[in-house]
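Analysis of the macromolecular model
Now for the letters of each chain:
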Amino acid sequence: MIRSEPCSWLEQPYEGYVVNAIFSDFNAKIITNALASLAENFPGVIYPMSARSLHVTLFDWIAPLFDYGGANKSELFNQVRVVYDQKLSNILNNQKQIEVTFDEIKVTPTTIIITGKDDGSFERIRKEFVNGVDLLPDTKLPPTIIHASIARFIKEVNLELIEDFFQEKKFYFEQLVTEFRLVHTKKEPMLDFEILKRYPLR
């Protein structure tokens, strides 16, 4: 039996600079309704993402939960901002809007995520970015999947029970990604943040 591992960093101040996309109001409602149902069946077990905090990760420029040897993250961001921004802008210059099909829920010991599929655009953007800039030492590499973290565990529970719950409540939806956002995060998970720039897709 595999049990969940409660997250210790929830609602804590962690600074980061990340690039992500949001869900439509309709799709965010699908997710939050599913989480509300889960919370009702398993009281006190999960920390659900709010509709405002839900996002689809492209990649981190300065990862919130990485320490970078104690360096000042604002200073690190200022060091890379111009180069990273120019590279991402060039990559997205002719990028069409991206249709993502979300059709699977995965339960890990710490997190519940939903995964999606597209036409390969997310992977291409990530590879072009990583190959075109000098990443900070020991930085977090971009994800290899399209995903959104929708809840974290705050209490131990048999993960098979959570998996069984979602087996009976599978959901499927299409999300059109019309832009990416450069976001300065201040409290995890995306509880306090400001949008620094938007990168609209064609």
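Attention here is on the structure that accompanies the text.

Definitions and cut-offs
Residues numbered from 1 in each chain as written. Predicted model: local features only at pLDDT ≥ 70, side-chain atom pairs only at ≥ 80, totals over all residues. Heavy atoms only, no water. Buried < 20%, exposed > 50% of the residue type's maximum accessible area, 1.4 Å probe, protein only. Helix = DSSP H or I, 4+ residues; strand = E, 2+ residues; numbered from the N terminus. Pairing = 2+ DSSP bridges. Axes fitted to C-alpha atoms, helices over the stretch in contact; angles between N-to-C directions. Contact = heavy atoms within 4.5 Å. Arc of directions from axis to C-beta.

This paragraph deals with the pairing of strand 8 (residues 179–187). The buried fraction of strand 8 is high, at seven of nine residues. Note: strand 1 (residues 16–21) against strand 8, five bridges, orientation antiparallel. Paired with Val18 across the bridge in strand 8 is Val183. Of the strand pairs in this sheet, strand 8 and strand 9 (residues 192–200) are connected by eight bridges, and their pairing is antiparallel.

In this section: the sheet that holds strand 4 (residues 98–107). Taking strand neighbours across the sheet as the criterion, the five strands line up as 2-6-5-4-7 in an open arrangement whose pairing is antiparallel. Edge positions in the sheet fall to strand 2 (46–48) and strand 7 (173–177), since each has one partner strand and no second. Neighbour-to-neighbour, the strand axes of this sheet turn through a mean angle of 35°, independent of strand direction. Relative to strand 6 (residues 146–153), strand 2 runs antiparallel, the two being bridged by three bridges. Counted as the bridge partner of Pro48 is Ala151 from strand 6.

Glancing now at the side chain of Asp60. Relative to the elements of secondary structure, Asp60 occurs in strand 3 (residues 56–62). Using a relative accessible area of 15% as the deciding quantity, one classes Asp60 as buried. In contact with Asp60, other than residues within four places in its own chain, are Tyr17, Val18 and Lys140.

Turning to helix 4 (residues 159–167), its buried residues are Leu159, Ile162, Phe165 and Phe166. Seen end-on, helix 4 carries its buried residues on one side only, within an arc spanning 115°. Residues of helix 4 that are buried in the fold lie against helix 1 (25–41), strand 4, strand 5 (111–117) and strand 6.

Moving on, we get to unusual backbone geometry. With an omega dihedral of -5°, the bond running from Glu188 to Pro189 counts as a cis peptide bond. By the element assignment, Pro189 lies in the loop between strand 8 and strand 9. In this structure, Tyr68 takes a positive phi of about 55° despite not being glycine.

By themselves, these observations are geometric and do not establish any function.
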